[in-house]
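# Structure at a glance
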Amino acid sequence: MAEKNVQIKFNTGKSVDEIFPVTKIELVQGLPAKLDSVNDQLADIASISVLDKRFNVKTDGTNTTIAFKAVLDYAVANKLRVLVPPSTYMIAGLEIPANSEIHFYTGAKMKLVANSPAWTRCFQISGVENVNITGLLEIDGNMNSILNGNEHMHGLFIYNSKNISVDKVYAHDCYGDNVSISGDGDIGTAYSENVTINNVRCFRAGRKNLVIEHVNNLSILFADLDNTTGGTGGLGGNSLDVEPFNYTGENKKFTTNLGRVVTRGTGNDFTAGTTVVNAEGCTVNINSLECHVVDLPTNDTMNSHGEKSAILAYAVTLNINHFKAFLANTITDLGGGVFTNAASAFKCQHATRINISHAEVYGGYAGAYIGMMDLGNEIDYPIVKIDTFKVNCPDSLGVIVNRCDFIVGNYIINALKNSAIATDTVSTNIIKVNYFEVNDSCTTYLIHLSTGTAVSNASFVFENIKIKDTRTTRLLSVIASDSSAIMNIVKVGAVEGSIPLFLFLGALDPSTADMALKTLNSSILGSVVYVFADPEGKVTADKGTLAINKSGEAGGIFYLKETDSAKTGWRAL
């Protein structure tokens, strides 16, 4: 559901000056002596304590929102920094004014008033500019006290605001999101921009830990997000959610830059729509993403908690330098024949663009794929590129790829049950692996290309394959398929390891078969194709191509193409 800016108003009929008559404010009043050294560090800006007695901010567990806001307003009017000493401050919908300078000492906590109504945010930076928060801002959403809340009751809420800087924030136990950074949309200037947070720590949220929606030029240096005990009913929830709702991508491009991110829970969302325009408009850059996807007893589909994917991506551009996924190896019986989904490293649909420099995946459920890619909207296909992909998942299957591009530089398999790459019931655009390294992995096939109708622009290329298999029961074949149409567009380079290259799983009539498994061009031999019958009149190849008949039928094993004509000119050797 879309966010909206709902402000909590206090109608007193009096101005702030009438409520809090102030004749003289002494700077840095009301601070304990032990903070003197810290005060010295803040001496560059004239300051006022939020506990100045003339404002009567309470720390006794009662609602002190109005008094706290009065200090903020006075400080802005007089160009003062507000100092917040260690204590617990009960607030509801505290609105931070523009041009605020606030410093939180360790031990200062902003806690939502018990049983606050729906839409109440704890600490709200909305429709303002130039806010600078230093120190450690702790926000307690007081989740267990909320009786009639909704998912929009966030802890730190930044909305339609610009030039916002937060040093450190620890937000926990919020009924909605612990931290939400958003705006109205990508039309006009109704979005947030130039937001910087050095350190974010979030624990237990009713919805998500960190939500990033309509914001441009967001920078977060470090984020530690744990939602293993959050989500609906405390059954577990997603941690990171990049989701600009109703995003057109046509008016404003949004860029988010994240440093190191660690998540624990049911996964993370990166969803900006369904089209290439959406994907090109919303870019997320992450230096390091470490995800722990836990098997938690929830199948909540509304907030994607049930997807159990480290990266659930729809129509977003996601660039990651280092990616690690640790996947649960169990699923939970929810009763009535319903089980939780198996954890996965990524699920991609709808024009997603993912570029990863280095990826590692560990664990995973027995017989489940660690990665899934599909077209989704029938128009714009996903593109996933990984420079180095290391897999250590002894009980799991690899990546299933349907109607999208999957391009890998180095695919290193140290442990995998089967099928490093598989296609399902429909053909794919491009699958390419420059280098396969397989170490005592896969029980039957390394590459499984299943039934489908090849399309004109489809291409399957596997350039170099190195297989080390010391097991008693070894890999059955490098490539397996039941589709002659698919096999006609497969190209294989050098293969190292005494493993059969190809196994055809379907019924093949040698008298009509036109299937050929092609190797990549060689400067010594030219092209080599594997055929399954006499190729004359059946297989198209260039002059000089060598054909090897794998069918075992009488009549010839080797054939040489002596003409440039399409399917004729083959001579048995």
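Residues numbered from 1 in each chain as written. Predicted model: local features only at pLDDT ≥ 70, side-chain atom pairs only at ≥ 80, totals over all residues. Heavy atoms only, no water.

## Re unusual backbone geometry
Excluding glycine, a negative phi dihedral is what most residues carry, and trans is how most peptide bonds are arranged. For Asn99, which is not a glycine, the phi torsion comes out positive at approximately 65°. Mapped onto the elements of the fold, Asn99 is located in the loop between β4 (94-95) and β5 (101-104). Phi is positive for Asn217, which is not a glycine, with a value near 60°. Within the element layout of this structure, Asn217 appears in strand β14 (residues 215-226). Residue Asn217 is classed as partly exposed on the basis of its relative accessible area of 35%. (Helix = DSSP H or I, 4+ residues; strand = E, 2+ residues; numbered from the N terminus. Buried < 20%, exposed > 50% of the residue type's maximum accessible area, 1.4 Å probe, protein only.)

## Focus on the environment of Pro500
Here Pro500 lies in the loop between β32 (490-496) and β33 (502-504). Counting along the chain gives 24 residues from Pro500 to Leu476, while the straight-line C-alpha distance between them is 6.8 Å. Beyond its immediate chain neighbours, meaning those up to four positions away, Pro500 contacts Leu476, Ser477 and Val478. (Contact = heavy atoms within 4.5 Å.)

## Points about the pattern of salt bridges
Considering all chains together, one arrives at 18 salt bridges under this definition. Its salt-bridge partner being Glu307, residue Lys347 comes within 3.1 Å of it at the nearest N-O pair. Placement of the pair is Lys347 in strand β23 (residues 344-349) and Glu307 in the loop between β18 (282-293) and β19 (309-314), with a sequence separation of 40 residues. With a relative accessible area of 14%, Lys347 lands in the buried category. Its relative accessible area of 26% is what places Glu307 among the partly exposed residues. Note that Arg471 and Asp469 form a salt bridge whose closest N and O atoms lie 2.8 Å from each other. Residue class for Arg471 comes out partly exposed when judged on its relative accessible area of 23%. (Salt bridge = Lys/Arg side-chain N within 4 Å of Asp/Glu carboxyl O.)

## Some remarks on a nonpolar patch on the surface
Together, Ile557, Phe558 and Leu573 make up a nonpolar patch on the protein surface, roughly 300 Å² of accessible area in all. Tracing the backbone shows Leu573 in the segment after β38 (570-572). Leu573 gets classed as exposed once you look at its relative accessible area, which sits at 55%. (Patch = residues over 30% accessible without salt bridge, like charges linked within 9 Å, V, L, I, M, F, W, Y side chains within 5 Å. Areas by Shrake-Rupley, 256 points an atom, 1.4 Å probe, with all protein chains shown as cover.)

## A few points about the pairing of strand β25 (residues 369-373)
With 3 bridges joining them, β23 and β25 adopt parallel strand pairing. Paired with Cys348 across the strands is Met373, a residue of β25. In the sheet, β25 pairs with strand β26 (residues 383-401) via 4 bridges, with the strands oriented parallel. If you follow Tyr369 over to β26, its bridge partner there is Leu397. (Pairing = 2+ DSSP bridges.)

## Observations regarding the confidence of the model for the protein
On average, the protein scores 85 in pLDDT, and the residues at 70 or more come to 82%. Within the model, the stretch residues 5-38 combines pLDDT values under 50 with 61 contacts to residues more than four positions away or in other chains. For the stretch residues 521-526, pLDDT sits under 50, and the model shows 4 contacts to residues farther than four places along the chain or on other chains. (pLDDT = per-residue confidence, 0-100.)

## What about the packing of aromatic side chains?
Across all of its chains, the model carries 11 aromatic pairs by this definition. Geometrically, the ring pair formed by Tyr247 and Phe254 is stacked, given 5.3 Å between the ring centres and 25° between the ring planes. Take Tyr247 and Phe254: they sit in the same class, and that class is buried. One residue, Arg121, lies across the ring of Phe157, its end atom 3.9 Å from the ring centre. For Lys162, the ring lying beneath its charged end belongs to Tyr191, and the centroid distance is 4.8 Å. (Phe/Tyr/Trp six-rings, centres within 6.5 Å; stacked < 30°, edge-to-face > 60°. Lys NZ or Arg CZ within 6 Å of the ring centre and 35° of its normal.)

## Details of helix α3 (residues 65-77)
With 13 residues, α3 extends 18 Å between its outermost C-alpha atoms, agreeing within 8% with the 18 Å of an ideal straight helix rising 1.5 Å per residue. Of the positions making up α3, those classed as buried are Thr65, Ala67, Phe68, Ala70, Val71, Leu72 and Ala75. Two residues or fewer past α3, Lys79 is found with a positive phi of approximately 55°. (Expected span 1.5 Å × (residues − 1).)

## Notes on the nonpolar core
Ranked by internal contacts, the top residues of the largest apolar core, which has 125 residues, are Phe123, Phe389, Tyr411 and Phe436. The contacts of Phe123, once residues within four sequence positions are left out, are Ile91, Leu94, Ile96, Phe104, Met110, Ile133, Leu137, Ile139, Gly155, Leu156 and Phe157. Within the second largest apolar cluster, 5 residues are counted, among which are Val539, Ala541, Ala547 and Tyr559. (Core = buried A, V, L, I, M, F, W, Y, C linked by side-chain atoms within 4.5 Å.)

## What about the environment of Leu94?
Structurally, Leu94 can be placed in strand β4. The spatial distance from the C-alpha of Leu94 to the C-alpha of Ile125 is 8.5 Å, given a sequence separation of 31 residues.

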